[in-house]
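# Observations on the model geometry
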Amino acid sequence: MILAKVLGNVVSSVKHPSLNSYAVFSVQPVDEHGRAHGDTFLAVDHAQSGPGDTVVILREGNGIRQILGDSKSPIRCLIVGVVDHVEPAV
Amino acid sequence: MRADRKEKAEIPVPLAAAAAPPTGEPALEPGAGLCQPAAMFLARVIGTVVATKKPEGLTGIRLLMVQPVGEDGTPRGKPVCAADVTQAGPGDLVHVTESREAALALPDPFVPVDAAIIAIVDHVHQEPFEEGRP
């Protein structure tokens, strides 16, 4: 799981049925200090997050299929939590 | 038997020593490699692939060349060949999923596919990235 910041919506009308009723966001991975780290990618929202939120992203397909209860879901990155606070040790 | 095990256990030690960066070289910064690989990303369709000899489960599945792009459309990394289930065409901005989940998007999920187009993107709402803790 990684931390990322939600940048914005990605709107599609033609899509795989498993993506119906889920929001897709473009996200920027961040480190524990909130600094950008690595390339942006796409994630499906399962935590009612929105642009500007720092979120926890699960990137393991089998876990995602269990959470969604959809054994044929092609989703690879799922937003599973919204971060309130990070306290780095250093 | 025990001697064999000991020998096997000793193998990784010189490998680990070889992999360690030489002293004086800057160590990897914390969090390096956070996002490898991307897994789901935006891409632009740059061409079609025609293959006459394909695995059985891929009959009738379109193959397209896609170039991963950023939110602003700038190319990023190398193009990949992706299976398509959305009838996307050249020039379309698409949502690509990778690894095992790519095959799950296809009618037959037991096919040798590691990238698939699962949506055609209409538009991307982009907000500027603001650094800082939540």
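Residues numbered from 1 in each chain as written. Chains lettered and ligands numbered in written order. Predicted model: local features only at pLDDT ≥ 70, side-chain atom pairs only at ≥ 80, totals over all residues. Heavy atoms only, no water.

## Quick notes on the interface of chain B and chain A
Across the boundary between the two partners, chain B contributes 41 residues, which contact 48 residues of chain A. Both sides together, the interface formed by chain B and chain A hides about 3600 Å², and carbon and sulfur atoms give 58% of it. For the pair chain B and chain A, the number of links is three salt bridges. One salt bridge connects E101 of chain B with R65 of chain A, and the closest N-O pair in it is separated by 2.8 Å. Elements that contribute at least two residues to the side of chain B that touches chain A include exactly β1 (40-49), β4 (93-98), α3 (100-104) and β5 (115-124) of chain B. If you tally residues by element for the side of chain B that touches chain A, the top one is β5 of chain B, at seven residues. Of the residues in the side of chain B that touches chain A, the class split is 21 nonpolar, 10 polar and 10 charged. Here strand β1 (residues 2-15) of chain A pairs with β5 of chain B via five bridges, running antiparallel. (Contact = heavy atoms within 4.5 Å. Buried area = accessible area lost by both parts, 1.4 Å probe. Salt bridge = Lys/Arg side-chain N within 4 Å of Asp/Glu carboxyl O. Helix = DSSP H or I, 4+ residues; strand = E, 2+ residues; numbered from the N terminus. Nonpolar A, V, L, I, M, F, W, Y, C, P; charged D, E, K, R; others polar. Pairing = 2+ DSSP bridges.)

## Some words on the pattern of salt bridges
The final tally for this structure, using the stated rule, is five salt bridges over all chains. With a closest N to O distance of 3.8 Å, R76 of chain B and D39 of chain A form a salt bridge. Of this pair, R76 of chain B sits in the loop between β2 (62-68) and β3 (80-84) while D39 of chain A sits in the loop between β2 (24-29) and β3 (41-45), placing the two residues on different chains. Note on R76 of chain B: relative accessible area 24%, which makes it partly exposed. Looking at D39 of chain A, the relative accessible area reads 42%, which means it is partly exposed. If you follow the salt bridges from partner to partner, you end up with R65 and R76 of chain A together with E101 of chain B in one network. (Buried < 20%, exposed > 50% of the residue type's maximum accessible area, 1.4 Å probe, protein only.)

## Some remarks on helix α1 (residues 61-68) of chain A
Of the residues making up α1 of chain A, those classed as buried are G61, I64, R65 and L68 of chain A. The arc enclosing the buried residues of α1 of chain A, seen along the axis, measures out at 100 degrees, which places them on a common side. Those residues of α1 of chain A that are buried lie in contact with β4 (54-58) and β5 (78-82) of chain A together with α3 of chain B. In the stretch just after α1 of chain A, G69 of chain A is the one whose phi turns positive, near 65 degrees. (Arc of directions from axis to C-beta.)

## Digging into unusual backbone geometry
Positive phi outside glycine occurs at Q48 of chain A, with the angle close to 55 degrees. Tracing the chain through its elements places Q48 of chain A in the loop between β3 and β4. In this model, S99 of chain B sits at a positive phi of 65 degrees, which is unusual for a non-glycine residue. Along the chain, the position of S99 of chain B falls in the loop between β4 and α3. The partly exposed category is assigned to S99 of chain B, whose relative accessible area is 26%.

## Overview of the side chain of E71 of chain B
Here E71 of chain B shows up in the loop between β2 and β3. An unpaired buried charge is present at E71 of chain B: no salt bridge exists, and R76 of chain B, the closest side chain of opposite charge, is 4.3 Å distant. Side-chain polar atoms of E71 of chain B contact the side chain of S26 of chain A, separated by 2.7 Å. Setting aside anything within four residues of it in sequence, one finds E71 of chain B in contact with S26 and T40 of chain A together with L42, R76, V124 and Q126 of chain B. (Lys, Arg positive; Asp, Glu negative; His and termini not counted. Polar contact = N/O pair within 3.5 Å; in protein donor to acceptor, adjacent residues only side chain to side chain.)

## Comments concerning the nonpolar core
Residues V27, I57 and I79 of chain A are the most contacted members of the largest nonpolar core, which totals 40 residues. Within the second largest apolar cluster, 12 residues are counted, among which are A43, V66, V94 and A115 of chain B. (Core = buried A, V, L, I, M, F, W, Y, C linked by side-chain atoms within 4.5 Å.)

## Brief notes about the confidence of the model for chain B
Residues and elements named next belong to chain B. Scored by pLDDT, chain B comes out at a mean of 78, with 72% of its residues at no less than 70. In this model residues 13-18 is a low-confidence stretch, pLDDT under 50, and it forms zero contacts with partners more than four residues away in sequence or in other chains. Below a pLDDT of 50 lies the segment residues 28-35, which in the model reaches 12 contacts outside its immediate sequence neighbourhood of four places, other chains included. (pLDDT = per-residue confidence, 0-100.)

## Digging into the pairing of β3 of chain A
All names here are of chain A. Among the five residues in β3, five count as buried, and that is most of the element. Both faces of β3 are covered, namely the face carrying F41, A43 and D45 and the face carrying L42 and V44. One ladder, built from four bridges, connects β2 with β3; its direction is antiparallel. In the sheet register, V24 faces β3, and the bridge partner there is V44. In this structure, β3 lies alongside β5, joined through two bridges in parallel fashion. Looking at the pairing, V44 lines up with L78 of β5.

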